[in-house]
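Below, each chain spelled out in residue letters.
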Amino acid sequence: MTISISYMGTKKSLAPVVAEVVSASPPGPLLDVFSGLCAVAKSVAPARQTWTNDLQHFAQSVAQAHFCSQSHPPQRIDVVAKLNQHYSKHLSKQEKIAGNRIAAESKALADYDSVRLNDIYAEWIMYGPLDGGFEQTGDATLFRDTFAGAYFGLLQCIEIDALRHSLDIMLDEHQIDSDQHRWLILALAVALNRCASSTGHFAQPLTAKPANLPRFAQQRQRSVKDCFLSAIESLEPVGNTDWRSRNIAMRGEANSALSSFIGNSDGVPSVVYADPPYTSDQYSRYYHLYETIVLYDYPEAEGKGRYRTDREASDFCLSSRVSEAFDKLISNCVEIGADLVLSYPTNGLLANSRDVLPQKIKDKYGRDPQILEIDHRHSTMGGSKGPGKMNVTEIIYRAYP
Ligand SMILES: C[S@@+](CC[C@H](N)C(=O)[O-])C[C@H]1O[C@@H](n2cnc3c(N)ncnc32)[C@H](O)[C@@H]1O
């Protein structure tokens, strides 16, 4: 099972088919070079060593946890016991500082008063941090000061900060190891997905309106801590510890990751699975909150969506660069001596991909790829971008020497 987060372009439903195509390749490691939430890597594992790469820290954490961890997630009951003291201390301090604001927000939510709620949120943005923020107090207040009133309510943001901060203390005090710390941050990411007032991504928060207030208020009143604790129970690693000790989870640009294997004597993948982005929507803009919960680094945030200014841009999302990015991807796989299994929809950003990709593959591999066409429902960005799911023809190209 993949981590329970909505993610554009996940291949959860196609993964068994892709795994069957991958099984035709010679034995050896699979490199899922745009791994996302690792749906395909999980379907192939543990039949092969499973190596992954993605541009995002969050996706790398998902892969590290599932494929490389030496420790399981801690039991929920142990987490509660270790967490409570640190959590309560942070929460009660913040409740004293922000008590008036919390009460005002909670009343507006209970009254379904969208006008008051929006006024309150606008005021908070105008006045900035309550107490000078992290730089002056040293207290963990990233979510309180960046996202309160946007994707979450104030109390929810304080809960998020308290949980994230408690996990760091538990790690520092050796109550959990670094693998368990990572698992628990992923559980917190699942809780963010569950509690956010959004359309499943973080390009723009939902605004409270009379028509959506019952649902909006319900989201804002959800306890992040409860969702976090429930999420812990759904996490588990793949394979056994010995198998996981031989996997790698990289973070970087796909073509740089691939070229790092050229001439590498430590082993190369025998098959590369590539599931690049297929629209101009940069993942780093839509999923920045997961980066921030992983990094917790007080990034500069901009726009209504409060996304990180240091977010990465992918050539596969730029119409001026996508064709060259595919050329490099295919050449790199040929140079490594690996088969390439590539997923791409017929309506992707690369124009005429149904004709162009087989030609590019033939030019580099010296033979036509095998082609499998599948009717698929893509998960999209939803919201103002259109429906949350879209019917597409997905093509799986299998290139081999
Ligand atoms: C279509 S999604 C992959 C979904 C994945 N197969 C799954 O089932 O979860 C594309 C992924 O590629 C990553 N990405 C985008 N551009 C990249 C690049 N140039 N190099 C590496 N990863 C990239 C995104 O962060 C995103 O996670």
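These notes cover the structure that comes with them. If you're wondering where the values come from, they're calculated on a predicted model, not measured in any experiment.

## Section: the overall build of the protein
- Tallying secondary structure elements over the protein gives 17 helices and nine strands in all.
- Whereas a compact globule of 401 residues would reach a radius of gyration of roughly 21 Å, the protein reaches 22 Å, a difference of no more than 12%.
- Judged by the C-alpha coordinates and their principal axes, the protein covers about 70 × 45 × 35 Å.
- Buried positions account for 55% of the 401 residues belonging to the protein.
- For the protein, the exposed surface amounts to about 17000 Å²; the carbon and sulfur share of it is 48%.
- The average position of the 40 basic charges and that of the 46 acidic charges among the side chains of the protein differ by 4 Å.

## Here's the deal with helix H1 (residues 15-22)
- What H1 keeps buried is the set Ala15, Val18, Ala19, Val21 and Val22. In a view along the axis of H1, the buried residues occupy a sector of 160°, so they form one face of it.

## Quick word on the packing of aromatic side chains
- Counted by the stated rule, this structure contains 18 aromatic pairs.
- On the numbers, 5.5 Å between centres and 75° between planes, the contact of Tyr296 with Tyr298 is edge-to-face.
- The buried category is assigned to Tyr296, whose relative accessible area is 12%.

## Notes on the pairing of strand S2 (residues 50-54)
- With respect to burial, S2 is a largely interior element, five of its five residues being buried.
- With helix H2 (residues 39-44) bridging strand S1 (residues 30-32) and its parallel neighbour S2, the resulting β-α-β unit is right-handed.

## Observations regarding the site of the ligand
- Every one of the 24 residues lining the ligand counts as a neighbour, but Tyr7, Lys11, Asp54, Asp275 and Ser314 are closest to it.
- A distance of 3.2 Å separates a nitrogen atom of the ligand from a polar atom in the backbone of Leu55.
- Within the side chain of Glu253, one N or O atom sits 3.0 Å away from a nitrogen atom of the ligand.
- Considering the ligand on its own, with 600 Å² of exposed area, one finds that the protein chains cover 99% of that surface.
- With respect to the pocket detection grid, the ligand is positioned in the largest pocket.
- In the shell around the ligand, the residues fall into twelve nonpolar, eight polar and four charged.

## Comments concerning the layout of surface pockets
- For the largest pocket, the calculated volume is near 530 Å³.
- Around the largest pocket, the lining comprises 40 residues; the ones closest to its centre are Tyr7, Asp54, Leu55, Gln56 and Tyr283.
- Where the lining of the largest pocket is concerned, the elements lending two or more residues are H2, S2, helix H14 (283-286) and helix H15 (288-295).
- Counting residues per element, the lining of the largest pocket draws most heavily on H15, which supplies three residues.
- For the lining of the largest pocket, a count of residues per class yields 17 nonpolar, twelve polar and eleven charged.

## A look at unusual backbone geometry
- Pro46 follows Ala45 through a cis peptide bond whose omega is -5°.
- Relative to the helices and strands, Pro46 is located in the loop between H2 and S2.
- Positive phi outside glycine occurs at Cys38, with the angle close to 70°.
- Since its relative accessible area comes to 1%, Cys38 is described here as buried.

## A short note on helix H16 (residues 322-336)
- For H16, with 15 residues, the first-to-last C-alpha span of 21 Å sits near the 21 Å given by 1.5 Å per residue.
- All of the buried residues in H16 are Val322, Ala325, Phe326, Leu329, Ile330, Asn332, Cys333 and Ile336. Down the axis of H16, the smallest arc covering the buried residues is 160°, so these residues share one side.
- Where H16 terminates, the next one or two residues include Gly337, which has phi positive at roughly 85°.

## Examining the packing of helix H4 (residues 76-110) against helix H11 (residues 224-232)
- Taken N-terminus to C-terminus, the directions of H4 and H11 make an angle of 150°; their axes are 10 Å apart at the nearest point. On the basis of their axis angle, the class for H4 and H11 is roughly antiparallel. The handedness of the crossing between H4 and H11 is right-handed. Contact residues: H4 offers Arg76, Val79, Val80, Leu83, Asn84 and Tyr87, while H11 offers Lys225, Phe228, Leu229, Ser230 and Ile232.

## Comments concerning the nonpolar core
- With 109 residues, the main nonpolar core has Val33, Phe58, Phe143, Phe152, Phe228, Phe326 and Leu340 as its most contacted residues.
- Counting the residues that make up this core, at least three belong to each of domain 1 (15-69 + 246-299 + 307-399) and domain 2 (76-232).
- Membership of the second largest hydrophobic core comes to 15 residues, among which are Leu14, Val18, Val22 and Val44.

## Let's talk about the pairing of strand S7 (residues 339-345)
- Across the seven residues that make up S7, a large majority, seven, are buried.
- In S7, alternate side chains face the same way, and those of Asp339, Val341, Ser343 and Pro345 on one face and Leu340, Leu342 and Tyr344 on the other are all buried.
- Relative to S7, strand S4 (residues 271-274) is paired through four bridges, and the arrangement is parallel. Bridging from a neighbouring strand, Val272 pairs with Leu340 of S7.

Cut-offs used in this document
Residues numbered from 1 in each chain as written. Predicted model: local features only at pLDDT ≥ 70, side-chain atom pairs only at ≥ 80, totals over all residues. Heavy atoms only, no water. Helix = DSSP H or I, 4+ residues; strand = E, 2+ residues; numbered from the N terminus. Rg over C-alpha atoms; globule rule 2.2 N^0.38 Å. Buried < 20%, exposed > 50% of the residue type's maximum accessible area, 1.4 Å probe, protein only. Areas by Shrake-Rupley, 256 points an atom, 1.4 Å probe, with all protein chains shown as cover. Lys, Arg positive; Asp, Glu negative; His and termini not counted. Charge placed at Lys NZ, Arg CZ, Asp CG, Glu CD. Arc of directions from axis to C-beta. Phe/Tyr/Trp six-rings, centres within 6.5 Å; stacked < 30°, edge-to-face > 60°. Right-handed = clockwise from strand over helix to strand, strands pointing away. Near = heavy atom within 4 Å. Polar contact = N/O pair within 3.5 Å; in protein donor to acceptor, adjacent residues only side chain to side chain. 1 Å grid on protein atoms, 1.4 Å probe; cavity = no way out; pocket = protein on both sides within 12 Å on 5 of 7 lines; lining within 4 Å. Sits in = over half its atoms within 2 Å of the grid points. Nonpolar A, V, L, I, M, F, W, Y, C, P; charged D, E, K, R; others polar. Points joined across faces, edges and corners; volume = space filled by probe spheres on them. Expected span 1.5 Å × (residues − 1). Axes fitted to C-alpha atoms, helices over the stretch in contact; angles between N-to-C directions. Parallel < 35°, antiparallel > 145°, perpendicular 65-115°, else oblique. Left-handed = near helix turned anticlockwise from the far one by under 90°. Contact = heavy atoms within 4.5 Å. Core = buried A, V, L, I, M, F, W, Y, C linked by side-chain atoms within 4.5 Å. Domains from an automatic or database assignment. Pairing = 2+ DSSP bridges.

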